[in-house]
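# Structural description and commentary
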Amino acid sequence: MTKEFILTEKELYPSHQVPEDSDLDYREQFPDIRPLIRRQFSGIWTRENAIRRFPVLQWGSQYTLKKLASDAIAGITVGLTSIPQSIAYAVVANLEPQYGLYSNFMGSFVYAFFGSVKEITIAPTAIMALMVQHKVLQLGPAGAILASFLSGCIILLLGLLNFGFVVQFISMPVITGFITAAAITIMSSQIKSLMGISSAGRSSSFVDSWANVFENVGQTRLWDALLGFGTLAILIFITLIKGRGSGRWRSFTNNLNLLRNALVVIGGGVLAYGFATRDLQPFRLTGKVASGFPTVELPPFSTTFKDEFYDFPRMLHILGSSVIAIPMISILEVVSIGKAFTKGKPVDATQEMIALGLCNIAGSFTSSIPTTASFARTAINSSSGVRTPFGGVFTGILVLSALGLLTNWFYYIPKATLAAVIIAAMVFMIEYRAVAEMWRIKRIDIIPFLVTVVSCLFAGLEYGILIGIGVNLCFLLYLISRPRIDHRTIKINSTNALILRPTNDLAFSSAEYLRDRIIRMASEHAADVVVIDGELIKYVDSTVVKNLSGTVTDLNAQGRDVLLWRWNREVQYSLYRYRKNQFMPLFRADGNEEAMIRDWKSPPFGEGSV
């Protein structure tokens, strides 16, 4: 049985392992943050930082007429797609059509000067529209505009504080599940318009949308349904033939795909106008779109909706968790889309957050709903040959032109056509390939994916993504709480030695598991001495230290000795600060385990030592 003893530091270490006097100061040293603060503030006004925060300074000095022409072509092409989509997304958000256009120019202008990824376009998206639609039902347009301002402020603040790393806590399965659920929800909300059903239903959620369709299927309008499903088939067909063939046919299919939304919307409008000239109206139409530019004014911090007054605290209460969910989703979209189109080049997440925050803040002064990067329009921008972020200026100018000159033509756009445009876009947003990749690479990732999808569909997008993140973090915590412990046994003379090697850092969640595993394995292998190899352990917390102390005590009570081999100096100091006399005799730094165990068997540590 091991006897307790107290030795000096000189006696505790063999002669070749005696630490220097300065090393015996094992008090915890807190980092001096003053140099870090000075370095951060000294770099604010440097030329490099100015170029990073104002990317226009970098590409503007090299701008040419050739780049201007490329940006103009790309910006106009994006605008032709963006105008009908924006009108459609305003409908998704339960807003009048002009609000989609109000949301589609300020972000383009601001991002042109602050954005760092030339392909990205900032505009209303289906997901953003879906996330504010319930707030619009409760607060009217003021709810969506205030959500844009508040989300912009939060995104800008996170960017200025360099919080780009927060997106790392949302895994690919959760993002995939969220995008898939959002696409399914949006498609479901448009089925009634595709079939010409006029009933508004209780909400546009997944469950209510389908309940509304089944309850009112008898109201289906034949001509709306024919136009809607016919337009949807045309859009999907054009998308599928994109890039097929070679030569002129390949170029034709690519260009046709770029203009597909504009073409079907114009075609549907011309068809409806033709019927109207003969006093026929077989389709449900978009109706009057308010002409003129939006009023530039402060975001609404109070509003009156349906004869009821809402002050700012009450509006904030109604917006609820969306104040956090909308910025997080916006950041995720802009960073992930930026990474997808930079072809391996690093994306400055902080700068993208600053640019996106400014876009939403500025947009809220012109009656915009929350905006973020659009994957489809970014893809069109990229394939159209955009050279700099300045291409967004031409998109914004085209949208403003539409507001000033073309709103009378929007009256005749059939709602079934807009529904088909939205559904066609959502069909290709569902992450079929990502699901297959998860199944092939790591099947357990299907669980957080399915949880996110189901939660988003039945509990709503805001709560669904939080549930998905929570489940995924539980997986992560489980892995942290069950660290892998490699083990092997060696026998030297009559001594059975069990060598255990934890393969990662140890935190409070793994403390009890580590203790139980060590004691159980020591009994299973009838070990005389348990050697814990700490080469890979760079961090322990106070819970682990206390449990490790209890583990040593329990093993000693069983007649087994413990050696701590190759532990990091900082980790040793953490153990010293808890129980110096218990831990100091246990540490070894020998390069060979056999030599270490032989030294342990000899005085002053072996049997018979006092």
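What counts, and where the lines are drawn
Residues numbered from 1 in each chain as written. Predicted model: local features only at pLDDT ≥ 70, side-chain atom pairs only at ≥ 80, totals over all residues. Heavy atoms only, no water. UniProt positions renumbered as here; feature names shortened; annotations may be inferred. Helix = DSSP H or I, 4+ residues; strand = E, 2+ residues; numbered from the N terminus. Buried < 20%, exposed > 50% of the residue type's maximum accessible area, 1.4 Å probe, protein only. Contact = heavy atoms within 4.5 Å. Pairing = 2+ DSSP bridges. Salt bridge = Lys/Arg side-chain N within 4 Å of Asp/Glu carboxyl O. Core = buried A, V, L, I, M, F, W, Y, C linked by side-chain atoms within 4.5 Å. Patch = residues over 30% accessible without salt bridge, like charges linked within 9 Å, V, L, I, M, F, W, Y side chains within 5 Å. Areas by Shrake-Rupley, 256 points an atom, 1.4 Å probe, with all protein chains shown as cover. Phe/Tyr/Trp six-rings, centres within 6.5 Å; stacked < 30°, edge-to-face > 60°. Lys NZ or Arg CZ within 6 Å of the ring centre and 35° of its normal.

Identification of the protein chain as Sulfate transporter 1.2 from Culex quinquefasciatus is taken from an unreviewed UniProt entry. Looking at the protein chain in UniProt, the text filed under Subcellular location (unreviewed entry) is "Membrane".

### Observations concerning the overall build of the protein chain
If you tally the helices and strands in the protein chain, you get 27 helices and nine strands. Counting the 610 residues in the protein chain, one finds 52% classified as buried. Within the protein chain, counting contacts between residues at least 6 apart in sequence, those at least 24 apart form 80% of the total.

### Description of the environment of alanine 112
On the secondary structure map, alanine 112 appears in helix α7 (residues 106–114). Of the residues examined, alanine 112 reaches a relative accessible area of 0% and is grouped as buried. Along the sequence, alanine 112 and isoleucine 122 sit ten residues apart, while their C-alpha atoms lie 9.5 Å from each other. Setting aside anything within four residues of it in sequence, one finds alanine 112 in contact with Trp59, Pro389, Phe390 and Val393.

### A few points about the sheet that holds strand β5 (residues 485–492)
Taking strand neighbours across the sheet as the criterion, the five strands line up as β5-β6-β7-β8-β9 in an open arrangement whose pairing is mixed. The open sheet is flanked by β5 and β9 (587–588), the only strands paired with a single partner. Relative to strand β8 (residues 561–565), strand β7 (residues 529–533) is paired through five bridges, and the arrangement is parallel. Looking at β8, one finds that valine 529 is bridged to aspartate 561.

### Section: the pairing of β5
Inspection of the sheet shows β5 paired to strand β6 (residues 495–502) by eight bridges, in the antiparallel sense. Residue pairing in the sheet places histidine 487 in a bridge with leucine 500 of β6. Hairpin connection from β5 to β6: two residues lie between these consecutive antiparallel strands, with asparagine 493 at a positive phi of about 60°.

### Some details on the pattern of salt bridges
It is possible for side chains of opposite charge to pair when their charged atoms get near one another. Applying the stated rule across the entire model yields ten salt bridges. Linking arginine 484 and aspartate 486 is a salt bridge whose minimum nitrogen-to-oxygen distance equals 3.2 Å. Through salt bridges that share partners, Arg501, Asp533, Glu535 and Arg566 make up one connected network.

### Describing the nonpolar core
In globular proteins that are soluble, nonpolar side chains generally tend to be buried together. If you look at the biggest cluster of nonpolar residues, it comprises 106 residues, and the most contacted ones within it are Ile120, Ile122, Met131, Phe178, Ile329, Phe410 and Met426. Among the elements that make up this core, the one with the highest residue count is helix α10 (residues 172–195) (eleven residues). The contact partners of isoleucine 120, leaving out residues within four places of it in the chain, are Tyr111, Val334, Ile337, Gly338, Glu352, Ala373, Thr378 and Asn381.

### Re a nonpolar patch on the surface
A contiguous nonpolar patch, built from Leu157, Leu161, Phe163, Phe165, Phe169, Leu473, Leu476, Leu477 and Ile480 and spanning about 800 Å² of accessible area, is present on the exposed surface. With four residues, the top contributor of residues to the nonpolar patch is helix α23 (residues 461–481). Mapped onto the elements of the fold, phenylalanine 169 is located in the loop between α9 (141–160) and α10. Taking the relative accessible area as the measure of exposure, phenylalanine 169 reaches 51% and is therefore exposed.

### Comments concerning unusual backbone geometry
For aspartate 307, which is not glycine, the phi torsion reads 65° and is therefore positive. Position of aspartate 307 relative to the elements: it lies in the loop between β2 (303–305) and β3 (308–310). When its relative accessible area of 81% is taken as the criterion, aspartate 307 is described as exposed. Non-glycine residue alanine 526 carries a positive phi angle of around 50°. If you trace the backbone, alanine 526 turns up in the loop between α24 (511–524) and β7.

### So, the environment of phenylalanine 458
Mapped onto the elements of the fold, phenylalanine 458 is located in helix α22 (residues 446–459). Judged by its relative accessible area of 57%, phenylalanine 458 is exposed. Spatially, the C-alpha atom of phenylalanine 458 lies 6.9 Å from that of phenylalanine 206, the residues being 252 residues apart in sequence. What phenylalanine 458 contacts, discounting residues up to four positions off in sequence, is Phe206 and Val207.

### Things to note about the packing of aromatic side chains
By the definition in use, this model includes 20 aromatic pairs. Between tryptophan 210 and phenylalanine 214 the ring centres are 6.1 Å apart and the planes differ by 35°, which places this aromatic pair in the tilted class. Separated by four residues within a single helix, tryptophan 210 and phenylalanine 214 lie in helix α11 (residues 206–215), roughly one turn from each other. By relative accessible area, tryptophan 210 is classed as partly exposed at 29%. Put simply, the rings of Trp59, Tyr63, Phe113, Phe390 and Phe394 pair up and form one aromatic cluster. A cation over an aromatic ring shows up here: arginine 566 above the ring of tryptophan 565, its NZ or CZ 4.1 Å from the ring centre.

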